[in-house]
Amino acid sequence: MEENEYSGYWEPPRKRCCCARQRTQLVLVGLLSTAMWAGLMALLLLWHWETEKNLKQLGDTAIQNVSRITKDLQKYQSNQLAQKSQAVQMSQNLQELQAEQKQMKGQDSQLSQNLTQLQEDLIDVKSQNSELSQNLNRLQEDLVDVKSLGLNEKRKASDSLEKIQEEVAKLWIEILMSKGTPCNKCPKNWLHFQQKCYYFGKGSKQWIQARFACSNLEGRLVSIHSQKEQDFLTQHINKRDSWIGLQDLNVEGEFVWADGSPVGYSNWNPGEPNNGGQGEDCGMMRGSGQWNDAFCRSYLDAWVCEQLATCELSAPVASVSPTGPTPRNES
Ligand code: MMA
Ligand code: CA
């Protein structure tokens, strides 16, 4: 060992010693730096991990928020839709209500119009009724006057009175029928046709006797005014020659009906009226339904009476009826 120390030449051990220390130092430094790096890396990793975690959390929160907002939005949109449809429904309801209101207003005015019309009609009917009653009263007064006249004047007055009464009765029926009252009532054993009732009498009679028989039944010998009426009569006389209410007793050749009207419609047998034989002034219907003027005092086996049909009054409207002031007793 000493040799080595005194040679003064052998330096390497020192060097070795120095190198070792350096090496140690280097190793230490290396270790230290490695540790530092490791720590740094760890820190970095930690930081990165933390950041990543935070980011993830943030992302999650954001996703949650977005989904919540989306849900809210959807809810809002559906609410909006519901509100819209509600609004549409409400406006429809409003329109319907307005239409109903309009309709009701229309109905209301229609109703009030109808009511006014009805009131007017009522006044009309009342005035017509009072007019009829007045007419009838006047006629009755005239009748009293007629009683104090001479025979000829009496007949004339009576004829015109009958005509007027006839007109009044027809007018009365027309009024009632126009108000919807059925006017087709006939006495027992009388047949109804159009506005009249007919009685087909059997038994041998002269014209004047037949006229009297009808008058006893509160009718008169038939007056024929249309083909339809003629057809109805032809159908019911059963081919029997029958007296009818036609005569030219006052003026030869001027036939008039028992209801006071002139001859409009006619159904004369060809060649009639011919005023044949000792004079023919009374009208008859042959079994065929065709008319002939015949000798008034001849006897025929049938005769036809008529009277106006009466109306089915549900309540007494006035004290007058087509046949006069006292209503007819049917049964
Ligand atoms: C009868 C009689 C008359 C009628 C003629 C027609 C003979 O007299 O019914 O009225 O005009 O017949 O031939
Ligand atoms: Ca004749």
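Everything numeric in this text was worked out from a predicted model, so none of it was measured.

1. Concerning the side chain of Asp259
- On the secondary structure map, Asp259 appears in the loop between β5 (256-257) and β6 (282-285).
- Of the buried charged residues, Asp259 lacks a salt bridge, with Lys170 as the closest side chain of opposite charge at 4.6 Å.
- Excluding its chain neighbours within four sequence positions, the residues that come into contact with Asp259 are Glu166, Arg220, Ser223, His225 and Glu306.

2. A few points about a nonpolar patch on the surface
- Residues Trp37, Leu40, Met41, Leu43, Leu44, Leu46, Trp47 and Trp49 make up a contiguous nonpolar surface patch of about 960 Å² in total accessible area.
- Relative to the helices and strands, Leu46 is located in helix α2 (residues 12-147).
- On the basis of relative accessible area, Leu46 is assigned to the exposed category, the value being 53%.

3. Notes on the coordination of the calcium ion (ligand 2)
- Around the calcium ion (ligand 2), the protein contributes the donor atoms Glu272 (OE), Asn274 (OD1), Glu280 (OE), Asn292 (OD1), Asp293 (O) and Asp293 (OD), at 2.3 to 2.6 Å from the metal centre.
- Binding-site remark: the calcium ion (ligand 2) is held by donors from one chain whose sequence spacing is E-x1-N-x5-E-x11-N-D.

4. Details of the packing of aromatic side chains
- Scanning all chains against the criterion turns up 9 aromatic pairs.
- Their ring planes at 45° and their centres at 5.5 Å tell us that Trp190 and Tyr199 sit as a pair that is tilted.
- Classification of Trp190 as buried rests on a relative accessible area of 9%.
- Judged by relative accessible area, which is 22%, Tyr199 ranks as partly exposed.
- By way of ring pairs, the aromatic residues Phe255, Trp257, Tyr265, Trp268 and Trp291 are connected into one cluster.

5. Thoughts on empty space enclosed by the protein
- A complete count under the given rule lists 1 cavity of 30 Å³ or more for this structure.
- Here the largest cavity is characterised by a volume of approximately 50 Å³.
- In terms of lining residues, the largest cavity is bounded by Phe200, Gly201, Lys202, His236, Ile237, Arg240, Ser242, Ala302, Trp303 and Val304.
- For the lining of the largest cavity, the secondary structure elements donating two or more residues are β2 (196-205) and β8 (300-308).
- When the residues that make up the lining of the largest cavity are grouped by side-chain class, the tally is 5 nonpolar, 3 polar and 2 charged.

6. Remarks on the state of the cysteines
- According to the stated counting rule, one finds 4 disulfides in the structure shown.
- Residue pairing for Cys186: its cysteine sulfur links by disulfide to Cys197, the two sulfurs lying 2.1 Å apart. Torsion about the S-S bond of the Cys186 and Cys197 cystine: about -85°, corresponding to left-handed handedness. With Cys186 in the loop between α3 (151-178) and β1 (191-193) and Cys197 in strand β2, the pair connects residues that are 11 residues apart, well separated along the chain.
- The disulfide pattern of the protein is 1-8, 2-3, 4-7, 5-6 when the bonded cysteines are numbered in sequence order.

7. Section: the nonpolar core
- If you look at the biggest cluster of nonpolar residues, it comprises 17 residues, and the most contacted ones within it are Ile224, Leu233, Ile244, Met285 and Trp291.
- If you list the elements that add at least two residues to this core, you get β2, α5 (227-236) and β4 (242-247).
- When sequence neighbours within four positions are dropped, the list of residues in contact with Leu233 reads Tyr198, Phe200, Val222, Ile224, Met285 and Val304.
- In terms of nonpolar packing, the next biggest core, distinct from the first, is built from 16 residues, Trp207, Ala213, Ala294 and Ala309 among them.

8. Concerning unusual backbone geometry
- Here the bond from Glu272 into Pro273 is cis, since omega is -10°, no more than 30 degrees from zero.
- One can find Pro273 in the loop between β5 and β6.
- Of note in this structure, Gln194 is not a glycine but carries a positive phi near 50°.
- Looking at the element boundaries, Gln194 is found in the loop between β1 and β2.

9. Some words on the site of ligand 1
- The local shell around ligand 1 consists of Glu272, Asn274, Glu280, Arg286, Asn292 and Asp293.
- Between ligand 1 and the protein, one listed contact pairs an oxygen atom with a side-chain N or O atom of Arg286 at 2.8 Å.
- One of the backbone nitrogen or oxygen atoms of Asp293 is found 2.9 Å away from an oxygen atom of ligand 1.
- Protein contacts shield 46% of the accessible area of ligand 1, which totals 330 Å² for the unbound molecule.
- Residue composition of the shell around ligand 1, by class: no nonpolar, 2 polar and 4 charged.

Rules behind the numbers
Residues numbered from 1 in each chain as written. Chains lettered and ligands numbered in written order. Predicted model: local features only at pLDDT ≥ 70, side-chain atom pairs only at ≥ 80, totals over all residues. Heavy atoms only, no water. Helix = DSSP H or I, 4+ residues; strand = E, 2+ residues; numbered from the N terminus. Buried < 20%, exposed > 50% of the residue type's maximum accessible area, 1.4 Å probe, protein only. Lys, Arg positive; Asp, Glu negative; His and termini not counted. Salt bridge = Lys/Arg side-chain N within 4 Å of Asp/Glu carboxyl O. Contact = heavy atoms within 4.5 Å. Patch = residues over 30% accessible without salt bridge, like charges linked within 9 Å, V, L, I, M, F, W, Y side chains within 5 Å. Areas by Shrake-Rupley, 256 points an atom, 1.4 Å probe, with all protein chains shown as cover. Donors = N, O, S within 2.8 Å, 3.2 Å for Na, K, Ca; no water. Phe/Tyr/Trp six-rings, centres within 6.5 Å; stacked < 30°, edge-to-face > 60°. 1 Å grid on protein atoms, 1.4 Å probe; cavity = no way out; pocket = protein on both sides within 12 Å on 5 of 7 lines; lining within 4 Å. Points joined across faces, edges and corners; volume = space filled by probe spheres on them. Nonpolar A, V, L, I, M, F, W, Y, C, P; charged D, E, K, R; others polar. Disulfide = S-S within 2.5 Å. Core = buried A, V, L, I, M, F, W, Y, C linked by side-chain atoms within 4.5 Å. Near = heavy atom within 4 Å. Polar contact = N/O pair within 3.5 Å; in protein donor to acceptor, adjacent residues only side chain to side chain.

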